[in-house]
Amino acid sequence: MLLTGLVIFFACEDRLDKPPLGDTEETFFTTQDNYESAVLGMYAGLTYWYWYNNNNCIHMLWLLPGDDMTTKQEWPFESFNAITPDDYRINYYWDMTYAINTRANIILEKVEQAAEGVYLDADLKNWHRGEALFIRALCSFKLFSWFGAAPVITARVTGLGEQTKPPSSTGTQLLDQAITDLTEAATLLPDNWEDKYIGRATSNAAYGLLGKCLVTRACYGGGNADYSDAIEAFNNISSDVQLTPQFYSNFDAYNENNEESLFEFQASEAPGFDNIWLSNDFGSIGSMLGFFGYFNNVWSWWGNPCFVPTDKLLNAFETGDPRIDETFRSNADAVFNGWEFIKYTNHDSQNWEGCSHNNNRILRYGDILLLRAEAYLQTGNAAAALADVNSIRERARNSVPEGNPPSAVPADLATVAMQDIMDERLRELAGEEERFVDLKRWHAAGYVNLGNWSAADWGPSLNASFDFAGWFAATQGDMMFPIPTDEVDLNPNITQNKGY
Amino acid sequence: MKKSITFLLIFLLCGFQLFAQQTVTGTITDATDGTPLIGATIMLRGTTSGSITDINGKYSLSAPADAVLTFSYVGFVTQEIQVGNRTTIDVSLVKSTTQLEELVVIGYGSRQRRDVTSAISSVTSEDLVKTNSMAPELAMQGRMSGVYVQASGSEPYSRPTVRVRGTNTWGIADPLYVIDGVPISEYGAGAEAIYGAGGTSAAAIQDLRHPINIMSLINPNDIESISVLKDATAAAIYGVRAANGVILITTKKGKIGKPVVEFNFKYGIQNIPQKYDVLNVDDYVDLFQEMFANNPDQADLLPNVFRPDSAEYLGDMPTTDWQTPFLNKNAPLQDYNLKVSGGTENTNYYISVSYNDTESPYINSWQKRYALSTNINTNITKFLRTGVNYRFVYSDILDDSNNQFGGGGMQEMATQPPWQPIYNSNAPEYQKGYMEAINYGYTNYPDGWWAERKWGPAGGMNRFGEMALNESTYSLIRNLGTAFVELEPLQGLKFKGTLSIDWFYNRRNEWSDIYSFVFNITPTDPLTLGEDGVDDSIGSYGERHLRNTNIISEFSASYTKTFGDHNIDLLFNFMDQQFQYEGISGSSDQIFARTEDFIGFGSAMNEYTNTQNFKDHYALQGIMGRVGYNYANKYYLDATVRRDGSSRFAEENRWGTFPAFSAAWRLSAESFMQNLTWLTDLKIRGGWGQLGNQETKAFAYLSLVSRAPHYAFGSTAALGDPRGLFYYGAALPDYPNEDLTWEKTSTTNIGFDANLFTALDISLEYYYKFTDGILQDSRLPGSIGTSTPGNVNPPPANQPIANIAQVKNQGIELSIGYRGSVGDLNYSVNGNLTTVNNEVVKMYEDTPMGDEYGRIEVGYPVNYLWAYKMGGIFRDATEVTNYQAKTTDATVTRQEPGDVWFKDVNGAPDEDHPFYTEGADSTVNFYDRTYVGKTIPGFFYGFSFNLEFKGFDLSAFFQGVGDIQAFNNGKWALENMNNLGNNQSTSTLERWTPTNTGADLPRAIYGDPGNNNRTSDRWIENAGYLRFANLQFGYTVPTAIASRIGVFQNLRVWVGGSNLFIITPWTGLDPENDGIPSPRIFNLGVDMRF
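Rules of the game
Residues numbered from 1 in each chain as written. Chains lettered and ligands numbered in written order. Predicted model: local features only at pLDDT ≥ 70, side-chain atom pairs only at ≥ 80, totals over all residues. Heavy atoms only, no water. Helix = DSSP H or I, 4+ residues; strand = E, 2+ residues; numbered from the N terminus. Rg over C-alpha atoms; globule rule 2.2 N^0.38 Å. Buried < 20%, exposed > 50% of the residue type's maximum accessible area, 1.4 Å probe, protein only. Contact = heavy atoms within 4.5 Å. Expected span 1.5 Å × (residues − 1). Bend = angle between axes of the 7 residues up to and from the residue. Core = buried A, V, L, I, M, F, W, Y, C linked by side-chain atoms within 4.5 Å. Pairing = 2+ DSSP bridges. Axes fitted to C-alpha atoms, helices over the stretch in contact; angles between N-to-C directions. Parallel < 35°, antiparallel > 145°, perpendicular 65-115°, else oblique. Left-handed = near helix turned anticlockwise from the far one by under 90°. Salt bridge = Lys/Arg side-chain N within 4 Å of Asp/Glu carboxyl O. Phe/Tyr/Trp six-rings, centres within 6.5 Å; stacked < 30°, edge-to-face > 60°. Lys NZ or Arg CZ within 6 Å of the ring centre and 35° of its normal. Patch = residues over 30% accessible without salt bridge, like charges linked within 9 Å, V, L, I, M, F, W, Y side chains within 5 Å. Areas by Shrake-Rupley, 256 points an atom, 1.4 Å probe, with all protein chains shown as cover. Buried area = accessible area lost by both parts, 1.4 Å probe. Polar contact = N/O pair within 3.5 Å; in protein donor to acceptor, adjacent residues only side chain to side chain. Nonpolar A, V, L, I, M, F, W, Y, C, P; charged D, E, K, R; others polar.

1. Comments concerning the overall build of chain A
Turning to step 1, where the next piece is worked out: Within chain A one finds 19 helices and eight strands.
Turning to step 2, where the next piece is worked out: Computed over the C-alpha atoms, the radius of gyration of chain A is 24 Å, within 12% of the 23 Å expected from 2.2 N^0.38 for a compact globule of 500 residues.
Turning to step 3, where the next piece is worked out: Along the first, second and third principal axes, the C-alpha atoms of chain A reach 95 × 50 × 50 Å.
Turning to step 4, where the next piece is worked out: Sorting the 500 residues of chain A into buried and exposed places 67% on the buried side.
Turning to step 5, where the next piece is worked out: Intrachain contacts of chain A at a sequence separation of at least 6 include 69% that bridge at least 24 residues.

2. Side note on helix 10 (residues 203–235) of chain A
Turning to step 1, where the next piece is worked out: The end-to-end C-alpha distance of helix 10 of chain A is 12 Å, clearly below the 48 Å that 33 residues give at a rise of 1.5 Å each.
Turning to step 2, where the next piece is worked out: Taking the largest bend as the criterion, helix 10 of chain A deviates by roughly 165°, centred on Gly222 of chain A.

3. Observations concerning the nonpolar core
Turning to step 1, where the next piece is worked out: Counting 169 residues, the largest nonpolar core has Trp49, Phe134, Phe147, Phe263, Phe307 and Phe468 of chain A as the members making the most contacts within it.
Turning to step 2, where the next piece is worked out: It is helix 10 of chain A that contributes the most residues to this core, 15 residues altogether.
Turning to step 3, where the next piece is worked out: If sequence neighbours within four positions are ignored, Trp49 of chain A has contacts with Ile58, His59, Trp62, Tyr93, Thr97, Ile100, Leu138, Cys139 and Lys142 of chain A.
Turning to step 4, where the next piece is worked out: Core analysis: the second largest hydrophobic core is formed by 42 residues, Leu128, Tyr177, Ala371 and Val393 of chain B among them.

4. Quick word on the sheet that holds strand 4 (residues 58–64) of chain B
Residue and element names in this part refer to chain B.
Turning to step 1, where the next piece is worked out: Taken in spatial order, the three strands make up an open sheet running 4-1-7, and their pairing is mixed. Both edges of this open sheet fall to strand 4 and strand 7 (91–93), since each of them pairs with a single strand only. Looking at each pair of strands side by side, their axes are set apart by 35° on average, direction ignored.
Turning to step 2, where the next piece is worked out: The sheet contact formed by strand 1 (residues 21–30) and strand 4 spans seven bridges and is antiparallel. Of the residues in strand 4, the one forming a bridge with Val24 is Leu61.

5. A short note on the sheet that holds strand 2 (residues 41–44) of chain B
All names here are of chain B.
Turning to step 1, where the next piece is worked out: Spatially, the four strands line up as an open sheet ordered 3-2-5-6, and their pairing is antiparallel. Across the chains shown, the open sheet's two edge strands, defined by having one partner strand only, are strand 3 (50–52) and strand 6 (79–82). Strand-to-strand, the axes of this sheet are offset by a mean angle of 20°, without reference to chain direction.
Turning to step 2, where the next piece is worked out: Bridge analysis of strand 2 against strand 5 (residues 68–72) gives four bridges, and the strand direction is antiparallel. What sits directly across from Leu44, in strand 5, is Leu69.

6. As for the packing of helix 8 (residues 122–147) of chain A against helix 9 (residues 173–188) of chain A
Residue and element names in this part refer to chain A.
Turning to step 1, where the next piece is worked out: Look at helix 8 against helix 9: their axes get within 8 Å of each other, and the N-to-C directions meet at 155°. The angle between helix 8 and helix 9 places the two elements in the roughly antiparallel class. The way helix 8 lies across helix 9 gives a crossing that is left-handed. On the side of helix 8, the interface is formed by Asn126, Trp127, Arg129, Gly130, Leu133, Phe134, Arg136, Ala137, Ser140, Phe141, Leu143 and Phe144, while helix 9 contributes Leu174, Leu175, Gln177, Ala178, Asp181, Leu182, Glu184, Ala185 and Leu188.

7. Details of the pattern of salt bridges
Here the idea is simple: oppositely charged side chains can pair when their charged atoms come close.
Residue and element names in this part refer to chain A.
Turning to step 1, where the next piece is worked out: By the definition in use, this model includes 78 salt bridges over all chains.
Turning to step 2, where the next piece is worked out: Lys165 is paired through a salt bridge with Glu162; the nearest N and O atoms lie 3.8 Å apart.
Turning to step 3, where the next piece is worked out: Judged by relative accessible area, which is 9%, Lys165 ranks as buried.
Turning to step 4, where the next piece is worked out: Salt-bridge contacts for Glu432 lead to Arg364; the nearest nitrogen and oxygen are separated by 2.8 Å. Placement of Glu432 in the loop between helix 15 (418–429) and helix 16 (435–445) and of Arg364 in strand 8 (residues 360–364) is noted, with a sequence separation of 68 residues between them.
Turning to step 5, where the next piece is worked out: The exposure class assigned to Glu432 is buried, which follows from its relative accessible area of 5%.
Turning to step 6, where the next piece is worked out: Salt bridges here are not isolated pairs; linked through shared partners, they connect Glu260, Glu318, Asp321, Arg323, Lys343, Arg364, Arg393, Arg395, Glu424, Arg427, Glu428 and Glu432.

8. Some details on the packing of aromatic side chains
Turning to step 1, where the next piece is worked out: Enumeration over the complete set of coordinates arrives at 96 aromatic pairs over all chains.
Turning to step 2, where the next piece is worked out: A ring pair is formed by Phe251 of chain A and Tyr344 of chain A, whose centres lie 5.3 Å apart and whose planes are at 85°; its orientation type is edge-to-face. Here the residue Phe251 of chain A occupies a position in the loop between helix 10 and strand 2 (261–265), and Tyr344 of chain A occupies one in the loop between strand 6 (338–341) and strand 7 (355–356), the gap between them amounting to 93 residues.
Turning to step 3, where the next piece is worked out: A relative accessible area of 3% means that Tyr344 of chain A is categorised as buried.
Turning to step 4, where the next piece is worked out: Here Tyr864 of chain B and Tyr931 of chain B contribute two aromatic rings whose centre-to-centre distance is 5.5 Å and whose plane-to-plane angle is 35°, an arrangement assigned as tilted. Placement of Tyr864 of chain B in the loop between strand 40 (854–856) and strand 41 (865–867) and of Tyr931 of chain B in strand 48 (residues 930–933) is noted, with a sequence separation of 67 residues between them.
Turning to step 5, where the next piece is worked out: A relative accessible area of 1% places Tyr864 of chain B in the buried class.
Turning to step 6, where the next piece is worked out: For Lys142 of chain A, the ring lying beneath its charged end belongs to Trp49 of chain A, and the centroid distance is 4.9 Å.

9. Observations regarding a nonpolar patch on the surface
All names here are of chain B.
Turning to step 1, where the next piece is worked out: The grouping of Tyr267, Leu947, Phe949, Phe952, Leu954, Phe1033, Val1055 and Leu1084 at the surface amounts to a nonpolar patch, some 660 Å² of accessible area in total.
Turning to step 2, where the next piece is worked out: For the nonpolar patch, the elements supplying multiple residues, two or more each, are strand 49 (939–949) and strand 50 (952–962).
Turning to step 3, where the next piece is worked out: With respect to the helices and strands, Leu947 occurs in strand 49.

10. With respect to the interface of chain A and chain B
Turning to step 1, where the next piece is worked out: Residue-level contacts link 112 residues of chain A with 105 residues of chain B.
Turning to step 2, where the next piece is worked out: Between chain A and chain B, a total of about 9200 Å² is buried, with carbon and sulfur atoms accounting for 64% of that surface.
Turning to step 3, where the next piece is worked out: Here Arg15 of chain A ties to Asp576 of chain B by a salt bridge, and the two come within 2.9 Å at their closest N and O atoms.
Turning to step 4, where the next piece is worked out: Where chain A packs against chain B, one counts 21 residue pairs in polar contact (both at pLDDT 80 or more).
Turning to step 5, where the next piece is worked out: Among the elements of the structure, helix 1 (2–10), helix 2 (25–28), helix 3 (32–44), helix 4 (47–50), helix 7 (88–113), strand 2 and helix 19 (485–490) of chain A are those that each provide at least two residues to the side of chain A that touches chain B.
Turning to step 6, where the next piece is worked out: Counting residues per element, the side of chain A that touches chain B draws most heavily on helix 7 of chain A, which supplies twelve residues.
Turning to step 7, where the next piece is worked out: Broken down by class, the residue content of the side of chain A that touches chain B amounts to 53 nonpolar, 34 polar and 25 charged.

11. Examining the side chain of Thr640 of chain B
Turning to step 1, where the next piece is worked out: The topology assignment puts Thr640 of chain B in strand 29 (residues 635–646).
Turning to step 2, where the next piece is worked out: Once residues within four sequence positions are removed from consideration, Thr640 of chain B is found in contact with Thr233, Ala236, Met624, Gly625, Arg626, Phe658, Pro659 and Ala660 of chain B.

12. Side note on the packing of helix 10 of chain A against helix 13 (residues 365–378) of chain A
All names here are of chain A.
Turning to step 1, where the next piece is worked out: Here helix 10 crosses helix 13 at 125°, and the two axes come no closer than 10 Å. Classed by the angle they form, the pair helix 10 and helix 13 counts as oblique. The segment helix 10 lies against helix 13, with Gly208, Lys212, Val215, Cys219, Asn224, Tyr227, Ile231, Phe234 and Asn235 engaging Asp367, Ile368, Leu371, Arg372, Glu374, Ala375, Tyr376 and Gln378.
Turning to step 2, where the next piece is worked out: Grouping the constituent residues of the contact of helix 10 with helix 13 by class yields nine nonpolar, four polar and four charged.

13. Here's the deal with the side chain of Glu852 of chain B
Residues and elements named next belong to chain B.
Turning to step 1, where the next piece is worked out: With respect to the secondary-structure elements, Glu852 resides in the loop between strand 39 (849–851) and strand 40.
Turning to step 2, where the next piece is worked out: Exposure remark for Glu852: the relative accessible area of 19% places this residue in the buried category.
Turning to step 3, where the next piece is worked out: What Glu852 contacts, discounting residues up to four positions off in sequence, is Tyr864, Leu865, Trp866, Arg929 and Thr1015.

14. Let's talk about the pairing of strand 26 (residues 539–563) of chain B
All names here are of chain B.
Turning to step 1, where the next piece is worked out: When you tally the buried positions in strand 26, you get 19 out of 25 residues, the bulk of the element.
Turning to step 2, where the next piece is worked out: For strand 25 (residues 493–513) and strand 26, the ladder comprises 21 bridges, and the chain directions are antiparallel. Directly across from Lys494, in strand 26, lies its bridge partner Ser558.
Turning to step 3, where the next piece is worked out: Linkage of strand 26 to strand 27 (residues 566–591), two consecutive antiparallel strands, is achieved through a turn of two residues, within which Gly564 is found at a positive phi near 60°.

15. Topic: unusual backbone geometry
One can expect most non-glycine residues to show negative phi and most peptide bonds to be in trans.
Turning to step 1, where the next piece is worked out: Omega for the bond connecting Val409 of chain A with Pro410 of chain A falls within 30 degrees of zero, at -5°, which places this linkage in the cis form.
Turning to step 2, where the next piece is worked out: Inspection of the secondary structure assignment puts Pro410 of chain A in the loop between helix 14 (382–398) and helix 15.
Turning to step 3, where the next piece is worked out: You will see that Ser922 of chain B, though not glycine, has its phi angle at about 60°, which is positive.

16. Notes on the environment of Lys258 of chain B
Residues and elements named next belong to chain B.
Turning to step 1, where the next piece is worked out: Along the chain, the position of Lys258 falls in strand 17 (residues 257–271).
Turning to step 2, where the next piece is worked out: Given the relative accessible area of 55%, Lys258 is considered exposed.
Turning to step 3, where the next piece is worked out: It is 74 Å that separates the C-alpha atoms of Lys258 and Ala1004, two residues lying 746 residues apart in sequence.
Turning to step 4, where the next piece is worked out: Contact partners of Lys258, with chain neighbours within four places excluded, come to Ile55, Ser341, Gly342 and Gln1049.

It is worth stressing that arrangement in space is one thing and function is another; only the former is reported here.
This is the structure we're talking about:
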């Protein structure tokens, strides 16, 4: 034993060299498969937005502010009362969107640095770059839509100091970056993927989102040039992309990634066991599921008042529009306040915990056609605009159960005005992620004046403390969420949004 | 080869002096009655050579004529005698009345308390055996200055919190435990529990460690003493991981003499003395009706179970008391110990076996422990010694009532709707007489499973049913062994090689009966578990096997020498520690048969079987040199330098050097003090030193790839499965930080130890600890994209770690002891007090972090409570108007009479104040959260009284903490009057109503539009307390009688109690832990020696 002591005493220090129990960044990016995994990991980040999140799901951030949905619960995003920068969901949305953004930046950096011979498939390298640019653009678009001014981050930060304090963007910088990224992504990405990879970003998705960003920028001062570029981008979408015969196919768990789809969150379920309380970053049991329990009061919504259609939405449809039966139905239960919103839940596939396999449709062709109609109309091509709106209306009246004759309503419009497009978007896209973003950009473009809106214009809200006017005035018409307290505290180069 | 040079130096320092040797013999006796003292020590002063007395009190050793012999025996005053030309020296020793003679274990040796220069507290076996806990940590509570122990509850296996001199860091602040020289490493106790490791998340690692206290695998009866090394000089010898203090546990050894057989028996009963007072069904229904009626917007959401006109109305059910059946009334604890020890001049041995069986004061939890230990030391020749110390412990644990099923203890029971029954005599047999918590069925068999709560929206799990059907057990095995060889080629020069192994195994078996879903409010469709079919599954079963292996090799060289009045001792030590952790778990949802001995994960059911493995490893090395010098026991100097290496850091930052010095001056030995006859002893001492803490994320200097993210593609109508095809992804959660290195804590001490009138010991010292380079998550803004999701606000971030922050702790430590006698009555009084002033000095960019329950901010104590301040209750509408005229509360939707109003203390940040500005700004918003309390106690203390009269002895021990606040979670759960359906405290009967506007509690309102229940000082209470911790009354049968009635040498019987009462302003069950309060224990025991 004395000898043992002596031996160890004179032994080398390499007994302190303990290899890490897993791959390190240094050793990882050496095969094409590793790159493929990292890209998958980037897509997995989308789960951050759509999962149940320990009963803290954030869908209400984009569902409640619009005039299409309301609820009895006094959520600040519905009442516009006391939206505060320390709100958990706002902090989470910000942090997670940037976490996804960073995953995209890491892919871009690593693809750039890939050694000769790592990629066996030359196309794949371009596709990976295109996918990362697409995801980064999606993050930029969301940040612009909800926070307005947020840092544009296009490179991975790997240290402390000034680089950790990026400045707030100004004007449409976030959209500009998204447009740059998508313009390149569209040329890099494939038109489609082989069956087992369906759901990854395609050139069609890139053109679609590019056009959407351009239309948005047009509203915020970009004007006709952006509308024209948007039309061009939309027209680059392949003819394989079309409206589905049935409206509801877009919300059907068993008809995902269909011909109308451009990009979806691929809700799934961890094999073996999906723990809805654990994030996707938690080993193989982290949750991959989406959540719609706020619509249909599954047990994991814990009996909270549900998100229900506003009177405005209930009255927005012409009697006999087949879309009604796929959008809401009456329900006397108190939590529904009379009406249950059924868009995503009517053809859902849920697991026993009430979480869903149904994909959130992030971008679909129906949305694109209405955006294109808007761009045509604003650039003076009313006929083309009318054709696009009517194609939506035509699909709507054909959306009847099998064996039934097409409905007479909604009939084709004879002429089209901006109000028609706005109304059609409410009917077609209610309860998706669009409404409040639409209202804000239309306000910016002057098509509506939200400053004059009152609770009655909202549907009205079921919320007694509803105070849109107060919020509108406080934010000086910006209608942006606050920049989270943490970001403001930690980053002196951030400007807080107006009103907070 | 720097190391070998150090080594040579030690050789050169060894003097070679030769003296004529002569043999000295004699007898050592007790001065009071002349009986021989067996095992008394005779040492040549300044050396480590000496002898001990045999069973007749006789000794013999050879010594040079100029040598000074030191005669000592525990509890007696040491004498020193010059040999001169004498060959016979008989000595009678006088019983000591001071603590000066106590031997204190200082690590790699021991010293008399009078010669200690650093800050060390100790507790001896006498006090240890009085504790009723299976865990030795609780024996330290209140008995030592500078050591704060917080009991975590009444489960025999629960793990207390121990902090030495405040809280150094918000990383891992637990002290290092060293058992007989073996530093204990437990996986999950370090930084991996914060950051995760090896692909396993932090939460998973905490679950792996949970809930077992591995210290409960040491039998307190085998412990001779516990020393706590508090300052850098003392702890430096265990420098690696010693920055948070070191707890040295030394176990018993045999003493010279004929075999001594001891038997101890203890039996006790435990009870939790308090319960929450909650509403009966009538008051409960009234409260909820009023709560909804008060909110017109949501009044129609009142659940039908509260509506008398509804068929679902439950208000006519009888009231069920959920708390009492949860208590295991008079929970027994039993402890049996049998020890045999003895020794000859060359060999000593100690063997013990013990059995302990302790039930929790909650039902369905217990721990049984079987322990055996041996310690044998022998001199092979005059210059070669060897020894082995080995303990083996096996423990069985049943852990049903609290931990395994995520139970919330008494609070969960108290908030259960009072109409929900526990028992159901008409239930199907598989429910074992317990009431189901749900209604369930199939709308379209076998699809369309539905389940709803049977007892209203807050109807809870029926834990009683779950406990009856399910089971979670642990089996633990611990092997802890040390063996050494020591060579002493020259007198005073020793080389020692030691090999120690701590091997710890933890197995968990979990059984869940398929029918237990009926007691669960979030049940799984039993069909998905295979309830229906030919091979019916009857449940799920899982096993988890974990192994902790810790191998420590040490080599040390020491030299002790006296030159006249100069005494030196030198120590050089090299340590290498290799830690390995591995484990595997497996479970299956498809179990066909349950017998105790055979449950398999049926091979045909692979698709339902999950397996997982875990592993981690690390290594530490340390080289240490210590020089001790004292001149005539008057001037002392100790210096230590150590160099530590850790595998946690990048190669270039792996090693840290940590020096420490301390000095003491015995003033009372100076001639000018000699005429102060009342001053027996006075020593001033001081020291400074530095220690390292390596507890940070494993391999944080590398950027690890996470293979956790997963995603699916390929879901199409053609595939027909909305789940698509599963793929594993990869992500980089953070980035490499190669600069990461040791966190360093510097300690400065100054104090004195005094003895007055030979009876009064006083020790007072001031300490100042400064921790620099705290391994802090750098906490980047969210836009940097290193955040990960979580369910707290803000989301915890997977932030890069860097050596950033600083914390200081300072305070005083005072201990006083007095021993005296009046006739045959001997008495002693002891007390100690410690103060802690903790403050964060610097942080990453000085940005505050943490949440309401543990905020970290520069200028405040670590983990302070940060919340709104309640101003009062709006008594009427005028008060609301007046308040709103001055102040807008941005966090409320509306305020009405009966709501709480909150104070406007701070405003929004400005240029110079980046986080908030002080002073009112007419808005109450999140900037108005402020300091409302601290979680580190400002002071803690203990005091005890001991009386001995003839054969009778009585001891009483009190212990307390002060200047501490805590969030009263039970109060929040039982007084918020907003949680849908949870039962509430009877205090809510005195709530604000239009006819009771002077109430202390606000109105009941569902939805809480006034945000009355925000985290505020409304829920913060003073958590200070004084506890009557222990009382023992014993009678020792006189030896003459004892030996007549049997073979007893000694026979003592005693009765006692623990936690007899507590004085506290806290309104919950126990300020230390409301969830699992400490039990009140009455016990009795017999100690026999043969």
